[in-house]
Amino acid sequence: MVSSGLNNPADIYYATTLDTLGVPNAGNNTGVGDSTLRYLETGTANCALGYTTAENLKAGSHNTLLGAAAAKNLPQGDYNTVVGAHAMHLAGSSSDNVAVGAMALQGVTGSSNVAVGMNAGAGAQSLSRSIFIGGTAGTGPSQAPSLDNVVVVGHGATASRS
């Protein structure tokens, strides 16, 4: 979206009265891709790249989100780093997370989690201060839906305690 008063494409990346997306209650946000940061109302220093990335983010700051539909339905969150198609795609309000890999932490609500690998941590629903490393780590029928303070390492490994 190009705000009125901007004269050339270079102005899209720097505007002093509005942020780059033309959102009046937000600043220093950059969104590249169809519907990226579409509903952002408040927040600063977000960077989103990819088709529908962070489309439904309404409030959040200091998020780095890369990949098609990455954090698409994240309603609120700060300091998340998300890299991968559909990573944190269905996540609820979440902050301070790192999700690297397609569909990592896909439907999780919680804070201070790390997931590295395709589908890593995607089997849990509510997490705090947990680590998942390996493809499908934390995904499967034996994965507990709610966890805090766990470390799961290995392809297909799961945690069943809380």
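Residues numbered from 1 in each chain as written. Predicted model: local features only at pLDDT ≥ 70, side-chain atom pairs only at ≥ 80, totals over all residues. Heavy atoms only, no water.

Draft legend 1. Looking closely at the nonpolar core. Ranked by internal contacts, the top residues of the largest apolar core, which has 29 residues, are Val82, Met88, Ala99, Leu105, Leu127, Phe132 and Leu147. Not counting residues within four places of it along the chain, the set of residues in contact with valine 82 comprises Thr64, Leu65, Leu66, Ala70, Ala87, Met88 and Ala99. (Core = buried A, V, L, I, M, F, W, Y, C linked by side-chain atoms within 4.5 Å. Buried < 20%, exposed > 50% of the residue type's maximum accessible area, 1.4 Å probe, protein only. Contact = heavy atoms within 4.5 Å.)

Draft legend 2. Just the sheet that holds strand β2 (residues 30-32), in detail. Spatially, eight strands are ordered β2-β4-β5-β6-β8-β10-β12-β14 in an open sheet, and the strand pairing comes out parallel. Each of the sheet's edge strands pairs with one partner strand only, and the pair in question is β2 and β14 (151-153). Each neighbouring strand pair of the sheet contributes to a mean axis angle of 5 degrees, computed without reference to strand direction. In this structure, strand β6 (residues 81-83) lies alongside strand β8 (residues 98-100), joined through three bridges in parallel fashion. Residue pairing in the sheet places threonine 81 in a bridge with valine 98 of β8. (Pairing = 2+ DSSP bridges. Helix = DSSP H or I, 4+ residues; strand = E, 2+ residues; numbered from the N terminus. Axes fitted to C-alpha atoms, helices over the stretch in contact; angles between N-to-C directions.)

Draft legend 3. Examining the sheet that holds strand β11 (residues 126-128) more closely. Read across the sheet, four strands follow the order β7-β9-β11-β13 without closing on themselves; strand pairing throughout is parallel. Because the sheet does not close on itself, it has two edges, and the strands there are β7 (94-95) and β13 (146-148). Two strands pair when backbone bridges link them, and β7 and strand β9 (residues 109-111) are joined in this way by two bridges, in the parallel orientation. Residue pairing across strands places serine 95 opposite serine 111, the latter belonging to β9.

Draft legend 4. The arrangement of the pattern of salt bridges in detail. If you walk through the whole model with that rule in mind, you get two salt bridges. With its nearest N and O atoms 3.1 Å apart, the salt bridge here joins glutamate 55 to arginine 38. One end of the pair, glutamate 55, is in the loop between β4 (47-49) and β5 (64-66); the other, arginine 38, is in the loop between β2 and β3 (43-44), and 17 residues separate them in sequence. Each of Arg38, Glu55 and Lys72 takes part in one network of salt bridges that share partners. (Salt bridge = Lys/Arg side-chain N within 4 Å of Asp/Glu carboxyl O.)

Coordinates in, geometry out; function isn't part of it.
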